[in-house]
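Now for the letters of each chain:
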Amino acid sequence: MADPYIVLNELAQDLRPMSQGIEWFESLSAEEQSDTLRLLSHFCIQARATTEDGPESIRRSGLRATHTPAVLIARGRIDQQLGKIVSLTPRDERLKSFRLLIAVPAVADGRRRERFCSDGCGHEWHRPAVGAPVETLT
């Protein structure tokens, strides 16, 4: 199986199509899906996601504002809401959570890149290998 850290970073940076990420996520067991959502929550915190990143993350994820993960992310105190989103157990809610939690660090990282990394930085994840083949997930 592909390294989830790499897969998730590639999804967040649009280096891998979301359709491939969804297929990969759906192939995981319920426990692996929960682990993946917890990892994504950690990515959101590392990217210093804020409540203000919520609306754009919802838009990018393709979720409706009325979907449970979208409602939660819009409620404020993102660190508390991430825990609630990760804890959603219905299969369809986990998939929605996955889509949203891919978008949140992408939005937060994009904001931080504009502010702090526009003239270059030392972040390894900001320098993907150009032209490197994208590993298949199966």
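The preceding data block contains the structure.
Cut-offs applied
Residues numbered from 1 in each chain as written. Predicted model: local features only at pLDDT ≥ 70, side-chain atom pairs only at ≥ 80, totals over all residues. Heavy atoms only, no water. Axes fitted to C-alpha atoms, helices over the stretch in contact; angles between N-to-C directions. Helix = DSSP H or I, 4+ residues; strand = E, 2+ residues; numbered from the N terminus. Parallel < 35°, antiparallel > 145°, perpendicular 65-115°, else oblique. Left-handed = near helix turned anticlockwise from the far one by under 90°. Contact = heavy atoms within 4.5 Å. Nonpolar A, V, L, I, M, F, W, Y, C, P; charged D, E, K, R; others polar. Expected span 1.5 Å × (residues − 1). Buried < 20%, exposed > 50% of the residue type's maximum accessible area, 1.4 Å probe, protein only. Arc of directions from axis to C-beta. Salt bridge = Lys/Arg side-chain N within 4 Å of Asp/Glu carboxyl O.

Novice: Sorry, what's going on with the packing of helix H1 (residues 4-12) against helix H3 (residues 30-46) here?
Specialist: In helix packing, the relevant descriptors are the interaxial angle and the interaxial distance, both defined with respect to the helix axes. Closest axis-to-axis distance for the H1/H3 pair is 11 Å, and the angle between their directions is 60°. Considering the angle they form, H1 stands oblique to H3. The interaxial crossing formed by H1 with H3 has right-handed handedness. Residues Pro4, Tyr5, Leu8 and Asn9 of H1 lie in contact with H3, whose contacting residues are Thr36, Leu39, Leu40 and Phe43. Residue composition of the contact of H1 with H3, by class: six nonpolar, two polar and no charged.

Novice: What's the story with H3 in this structure? I'm lost.
Specialist: It helps to recall that an α-helix has 3.6 residues per turn; residues three or four apart then point in one direction. End to end, H3 covers 24 Å across 17 residues, agreeing with the expected 24 Å (1.5 Å per residue, within 8%). Of the positions making up H3, those classed as buried are Gln33, Thr36, Leu37, Leu39, Leu40, Ser41, Phe43 and Cys44. In the segment just after H3, Arg48 is the residue with positive phi, at about 60°.

Novice: How should helix H4 (residues 54-61) be read in this particular structure?
Specialist: Burial in H4 covers these residues: Gly54, Ser57, Ile58 and Ser61. On an axial view of H4, the arc spanned by its buried residues comes to 100°, and they lie on one face. Those residues of H4 that are exposed and aimed more than 90 degrees away from the buried face are Pro55 and Arg59. Count one or two residues on from H4 and you reach Gly62, which has phi positive near 85°.

Novice: Would you take a moment to explain the pattern of salt bridges for this structure?
Specialist: Where side chains of opposite charge bring their charged atoms close, a pairing between them can arise. One pass over the structure, following the stated rule, counts nine salt bridges. Residue Arg77 pairs with Asp79 through a salt bridge whose shortest N-O separation is 2.9 Å. Residue classification places Asp79 among the partly exposed positions, given a relative accessible area of 41%. Salt bridges sharing common partners tie together Glu56, Arg59 and Arg60.

Coordinates in, geometry out; function isn't part of it.
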